[in-house]
Amino acid sequence: MWPLGGSAGATEEAAAWLAWYSHKGAFLSRVDPASGDITSYRNPLRRIDGIAVRGTRMLLTHQFHNRPVLELSRAELIDDAWVVSTQEKLRLPDQVVMCCAQGRDGVLWLRVGDSWTQVEA
């Protein structure tokens, strides 16, 4: 199974997380740079453009640009699968811009207008 494209990336300590898609669906992969190990999971959502991971918790954003509202999902790793636990709409102080989300150590940084807003996992 080969990726057709990526939709989001994040770091968690030294590990890198990638959200990607192929002909077989959407996936999340964790890459451990020390060992080279790659662990992949089915992505519980489609069309995401932001992720942030801390342990067994993940934030995912859905592609909404040029609007002051963002769909945010929280997921938990349960029995080797990511399961969405809650979904909410965040009202932000300005419009979300393209390439708006950057995940680092469980914090999702969102580009909103000319500033950044953060959400923690």
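Residues numbered from 1 in each chain as written. Predicted model: local features only at pLDDT ≥ 70, side-chain atom pairs only at ≥ 80, totals over all residues. Heavy atoms only, no water.

K.L.:
So what's going on with the sheet that holds strand β6 (residues 57-62)? Residues and values would help.
P.N.:
With respect to topology, four strands assemble into an open sheet ordered β5-β6-β7-β8, the strand pairing being antiparallel. With one partner strand each, in any of the chains shown, β5 (48-54) and β8 (81-91) form the two edges of the open sheet. Ignoring which end each strand starts from, the neighbouring axes of this sheet average 20 degrees apart. Note that β6 and strand β7 (residues 69-78) share five bridges and pair antiparallel. Considered in β7, the bridge of L59 is made with R74. (Pairing = 2+ DSSP bridges. Helix = DSSP H or I, 4+ residues; strand = E, 2+ residues; numbered from the N terminus. Axes fitted to C-alpha atoms, helices over the stretch in contact; angles between N-to-C directions.)

K.L.:
Pulling in residues and values, what's your account of the packing of aromatic side chains?
P.N.:
Taken as a whole, this structure holds four aromatic pairs when the rule is applied. Centroid distance W17 to W82: 5.9 Å. Interplanar angle 80 degrees. Geometry classified as edge-to-face. With W17 in strand β2 (residues 15-22) and W82 in strand β8, this residue pair connects regions lying 65 residues apart in the sequence. Considering the side-chain rings of Y41 and W82, the 6.2 Å spacing of their centres and the 80 degrees angle between planes classify their relative orientation as edge-to-face. Of this pair, Y41 sits in strand β4 (residues 38-42) while W82 sits in strand β8; the two residues are 41 residues apart in sequence, bridging distant segments of the chain. When its relative accessible area of 11% is taken as the criterion, Y41 is described as buried. Through a chain of ring-to-ring contacts, three or more aromatic side chains come together here, namely W17, Y41 and W82. (Phe/Tyr/Trp six-rings, centres within 6.5 Å; stacked < 30°, edge-to-face > 60°. Buried < 20%, exposed > 50% of the residue type's maximum accessible area, 1.4 Å probe, protein only.)

K.L.:
Requested: an account of the pattern of salt bridges, with residues and values cited.
P.N.:
The full count for this structure, using the stated rule, is four salt bridges. For R54, the salt bridge goes to E120, with nearest N and O atoms at 3.7 Å. Taken as a pair, R54 in strand β5 and E120 in strand β11 (residues 115-120) lie far apart in primary sequence, 66 residues in all. Given a relative accessible area of 42%, E120 falls into the partly exposed group. A salt bridge links E71 to K89, with the nearest nitrogen and oxygen atoms 4.0 Å apart. (Salt bridge = Lys/Arg side-chain N within 4 Å of Asp/Glu carboxyl O.)

K.L.:
Can you explain the environment of L18? Please cite residues and give values.
P.N.:
Turning to its location among the elements, L18 is positioned in strand β2. Exposure remark for L18: the relative accessible area of 42% places this residue in the partly exposed category. Once the C-alpha coordinates of L18 and D32 are considered, the two residues, 14 residues apart in sequence, prove to be 12 Å apart. Beyond its immediate sequence surroundings of up to four residues, L18 is in contact with A8, G9, F27, L28, S29, V31 and I51. (Contact = heavy atoms within 4.5 Å.)

K.L.:
Any details on the confidence of the model for the protein chain? Residues and values, ideally.
P.N.:
Overall, the predicted model of the protein chain reaches an average pLDDT of 90, with 95% of residues at or above 70. Mean pLDDT across the elements of the protein chain bottoms out in strand β9 (residues 96-104) (79) and peaks in β4 (96). (pLDDT = per-residue confidence, 0-100.)

K.L.:
An account of unusual backbone geometry is needed here, citing residue identities and associated values.
P.N.:
Look at E13: it is not a glycine, yet its phi comes out positive at around 50 degrees. Checked against the element boundaries, E13 lands in the loop between β1 (5-12) and β2. Residue E13 is classed as exposed on the basis of its relative accessible area, which comes to 66%. Positive phi outside glycine occurs at D80, with the angle close to 65 degrees. Among the structural elements, D80 can be located in the loop between β7 and β8. Taking the relative accessible area as the measure of exposure, D80 reaches 59% and is therefore exposed.

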